[in-house]
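Fold and contact review
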Amino acid sequence: FLIDHYLVISAGLIWSIKFLIPTNNNECISKPVMNRKSGFKIPKRMPFIASIIAIVIISSILLNSAFEFLFHVNPNVLGSVSNNNTKVIKIGALLGWTGISSQRGESQKAAMEIAEKEVNDYFSHINSSTRIELIFDDTQRKPNVALEKLKSLKHEGIRIVIGPQTSAEVNITKDYANQNKILLISHSSTAMSLAILNDNVFRLVRNDSIQADALAKQMWKDGVRIAVPIWRNDIWGKDLHNLTKNK
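Residues numbered from 1 in each chain as written. Predicted model: local features only at pLDDT ≥ 70, side-chain atom pairs only at ≥ 80, totals over all residues. Heavy atoms only, no water.

**Some thoughts on the packing of aromatic side chains**
Following the criterion strictly, the structure yields 2 aromatic pairs and no others. An angle of 80° between the planes, with centres 6.5 Å apart, marks the rings of tryptophan 97 and phenylalanine 136 as edge-to-face. Of this pair, tryptophan 97 sits in the loop between β2 (86-95) and α4 (102-125) while phenylalanine 136 sits in strand β3 (residues 130-138), and the two are 39 residues apart along the sequence. Of the residues examined, tryptophan 97 reaches a relative accessible area of 23% and is grouped as partly exposed. Between tyrosine 122 and phenylalanine 123, the ring centres sit 6.3 Å apart and the planes meet at 35°, which makes this aromatic pair tilted. When its relative accessible area of 2% is taken as the criterion, tyrosine 122 is described as buried. Overall, the relative accessible area of 0% leaves phenylalanine 123 in the buried class. Its guanidinium or amino end placed over the ring of tryptophan 97, lysine 109 lies 5.4 Å from that ring's centre, counting from NZ or CZ. Taking NZ or CZ as reference, arginine 225 lies 3.4 Å from the ring centre of tryptophan 220, over its face. (Phe/Tyr/Trp six-rings, centres within 6.5 Å; stacked < 30°, edge-to-face > 60°. Helix = DSSP H or I, 4+ residues; strand = E, 2+ residues; numbered from the N terminus. Buried < 20%, exposed > 50% of the residue type's maximum accessible area, 1.4 Å probe, protein only. Lys NZ or Arg CZ within 6 Å of the ring centre and 35° of its normal.)

**Side note on the packing of helix α5 (residues 143-155) against helix α6 (residues 167-179)**
The interhelical angle for the contact between α5 and α6, taken along N-to-C directions, is 35°, at an axis separation of 8 Å. In terms of crossing hand, the pair formed by α5 and α6 is right-handed. Between α5, through Pro143, Asn144, Ala146, Leu147, Leu150, Lys151 and Lys154, and α6, the contact on the second element is made entirely by Ala168, Glu169, Ile172, Thr173, Tyr176 and Ala177. Of the residues that constitute the contact of α5 with α6, the class distribution is 8 nonpolar, 2 polar and 3 charged. (Axes fitted to C-alpha atoms, helices over the stretch in contact; angles between N-to-C directions. Left-handed = near helix turned anticlockwise from the far one by under 90°. Contact = heavy atoms within 4.5 Å. Nonpolar A, V, L, I, M, F, W, Y, C, P; charged D, E, K, R; others polar.)

**Re the nonpolar core**
Grouped together as the largest cluster of nonpolar side chains are 18 residues, with contacts concentrated most on Ile91, Met112, Phe123, Phe136 and Ile185. Elements that contribute at least two residues to this core include exactly β2, α4, β3, β4 (160-162) and β5 (183-186). (Core = buried A, V, L, I, M, F, W, Y, C linked by side-chain atoms within 4.5 Å.)

**Some thoughts on α5**
If you check α5, its first and last C-alpha atoms are 19 Å apart, about what 13 residues at 1.5 Å a residue would give, namely 18 Å. Turning to α5, its buried residues are Ala146, Leu147, Leu150 and Leu153. Viewed end-on, α5 has its buried residues packed into an arc of 120°, placing them on one side of the element. Along α5, exposed side chains directed more than 90 degrees from the buried face belong to Asn144 and His155. Contact partners of the buried residues in α5: β2, β3, β4, α6 and β5. Following α5 by one or two positions, glycine 157 has its phi on the positive side, about 85°. (Expected span 1.5 Å × (residues − 1). Arc of directions from axis to C-beta.)

**Quick word on the confidence of the model for the protein chain**
Mean pLDDT over the protein chain stands at 77; residues scoring 70 or higher make up 66%. Summarising per-element confidence for the protein chain, the mean pLDDT is lowest in helix α3 (residues 64-72) (43) and highest in α5 (96). A low-confidence stretch, residues 56-75 (pLDDT under 50), is modelled with 16 contacts involving residues beyond four sequence positions or located in other chains. (pLDDT = per-residue confidence, 0-100.)

**Some thoughts on the pairing of β5**
Here β5 shows no split at all, with Leu183 and Ile185 on one side and Leu184 and Ser186 on the other all buried. Inspection of the sheet shows β4 paired to β5 by 3 bridges, in the parallel sense. Across the sheet, the residue bridging to valine 161 is leucine 184, located in β5. Taken together, β4, α6 and β5 constitute a β-α-β crossover, and its handedness is right-handed. By the bridge criterion, 3 bridges tie β5 to strand β6 (residues 201-203) in an arrangement that is parallel. Along β6, the bridge assignment pairs serine 186 with arginine 203. (Pairing = 2+ DSSP bridges. Right-handed = clockwise from strand over helix to strand, strands pointing away.)

And the structure:
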């Protein structure tokens, strides 16, 4: 559930891109008109709008370098193409909807498709010529596949990618992203060793140091003095094991 929640927040970044790219017209960026029923029922779009506000606030405080990238970037770097006076901003999405834990990738893809439709509906409502297009690729949650899919997106001119999901996938794609100035927005990677300053990976979830500390304290509180750990043999599992052991 938390992973899908953070996916919606990352989808909110799609909308914020519109406001960070200079435009040649005087588009009125106003608040969408929402239909309210009687009483105090919260509009359907309120959670999505709250996500957008959250991502803008967090980004403005913590991600000055990311904002600088977006403010000065040429629109073509974002994968923009113009057809019939319509500017289409292409954004990649590396998700795993086949393979292990495929149900997570399926639900995340569905959430992003809803976000894509709502953003484009809003642009249409304000008579904007801009549209977004999400380019989905299935990584099967396999690191090598994720790298090949990222290269494919790069060849399409895409420079902003939501994903990959796992720390193992982020670990193998981060160098390529750094070298080719691609911004990766991972919604679920938590490995401590991937918390690298000034790289091109923006992770929406805190690293596993907090989880390791909580696990160690809870085990000690419960009277556990000997533990036999079993962990997944990848960067996420190894990092979490080592952090918990050190705590």
